[in-house]
Amino acid sequence: MDLFHDNKNSRALYLNKAFTNISLADFLTTNAYCNRLKSLAEQLANVGTLVNDQSMVLRMLQGLTK
């Protein structure tokens, strides 16, 4: 059981880093960027780390390019 929790925490850490560092510059379209953000938020929720709407919007805006 402890191994599962360790993996869950490691997965949450990895996903949170990916969510924090995502940028529109890494995608061909805005749609692909937004879909990846949504996917990461859903994966974070699956490991017990919820992303609220405000955090999602702020992350999306921060990742936009000029």
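The structure presented is a predicted model; accordingly, all values stated were derived computationally and were not measured. Along each chain, numbering runs from 1 in the same order as the chain's sequence is written. At least 70 in pLDDT is required for a residue's local features to be given in this predicted model, at least 80 for side-chain atom pairs to be given and counted, and no such filter applies to totals for whole chains, interfaces and linings, which use all residues. As a rule here, side-chain values come from all non-hydrogen atoms in the structure, and water together with hydrogens is ignored.

**What to know about helix α2 (residues 30–46)**
Right, on to step 1. In this model α2 runs 24 Å from its N-terminal to its C-terminal C-alpha over 17 residues, within 8% of the 24 Å that 1.5 Å per residue would give.
Right, on to step 2. Exposure classes here rest on a 1.4 Å probe applied to the protein chains alone. A residue is buried below 20% of its type maximum, exposed above 50%, and partly exposed in between. Helix and strand assignments follow DSSP, with helices taken as H or I runs no shorter than four residues and strands as E runs no shorter than two, numbered in order from the N terminus. Turning to α2, its buried residues are Y33, L37, L40, A41 and L44. Angular distribution of buried residues about the axis of α2 spans 100°; they occupy a single face of the element. Away from its buried face, by an angle of more than 90 degrees, α2 presents the exposed residues N31 and N46.
Right, on to step 3. G48 lies just past α2 and shows a positive phi near 90°. Multiplying 1.5 Å by the residue count of a helix minus one yields the expected span of that helix. Working definition: the arc comes from the directions between the helix axis and the C-beta atoms, pointing outward to the latter.

**A few points about the packing of aromatic side chains**
Right, on to step 1. Ring geometry is summarised as follows: Phe, Tyr and Trp rings, the Trp one being its six-membered ring, pair when their centres sit within 6.5 Å, and such pairs are stacked at plane angles under 30 degrees, edge-to-face over 60 and tilted between the two. Scanning the model with the defined rule gives one aromatic pair in all.
Right, on to step 2. With centroids separated by 6.0 Å and ring planes inclined at 55°, the aromatic side chains of F27 and Y33 adopt a geometry described as tilted.
Right, on to step 3. Note on F27: relative accessible area 24%, which makes it partly exposed.
Right, on to step 4. On the basis of relative accessible area, Y33 is assigned to the buried category, the value being 0%.

**Concerning the packing of α2 against helix α3 (residues 53–62)**
Right, on to step 1. Where α2 contacts α3, the axes come no closer than 11 Å and their chain directions differ by 140°. Where α2 crosses over α3, the handedness of that crossing is right-handed. Side by side, α2 and α3 meet where Y33, C34, L37, K38 and A41 of the first sit next to M56, R59 and M60 of the second.
Right, on to step 2. Each residue is assigned to one of three groups, with Ala, Val, Leu, Ile, Met, Phe, Trp, Tyr, Cys and Pro labelled nonpolar, Asp, Glu, Lys and Arg labelled charged, and all others, Gly among them, labelled polar. Looking at side-chain class alone, the contact of α2 with α3 contains six nonpolar, no polar and two charged residues. The angle between two axes is taken between their N-to-C directions and runs from 0 to 180 degrees, where each axis is a line fitted to C-alpha atoms and a helix contributes only its stretch in contact. Crossing handedness follows the turn of the near helix against the far one: under a right angle anticlockwise gives a left-handed crossing, and clockwise gives a right-handed one. Two residues qualify as a contact provided that any one of their heavy atoms is within 4.5 Å of a heavy atom in the partner residue.

**Re the confidence of the model for the protein**
Right, on to step 1. Each residue gets a pLDDT score, which is the predictor's confidence in that residue and runs from 0 to 100. The share of residues in the protein with pLDDT of 70 or more is 91%, and the mean pLDDT across the chain is 92.
Right, on to step 2. Taken element by element, the protein is modelled with least confidence in helix α1 (residues 2–21), mean pLDDT 85, and with most confidence in α2, mean pLDDT 97.

**What to know about the nonpolar core**
Right, on to step 1. Formed by A12, L15, F19, I22, L24, Y33, L37, L40, A41, L44 and V47, the largest nonpolar core amounts to 11 residues.
Right, on to step 2. For this core, the elements supplying multiple residues, two or more each, are α1 and α2.
Right, on to step 3. The residues contacting F19, other than those within four sequence positions of it, are L37, L40, A41, L44, V51, S55, M56 and R59. Nonpolar cores were defined as sets of buried Ala, Val, Leu, Ile, Met, Phe, Trp, Tyr and Cys residues, with membership established by side-chain atoms within 4.5 Å.

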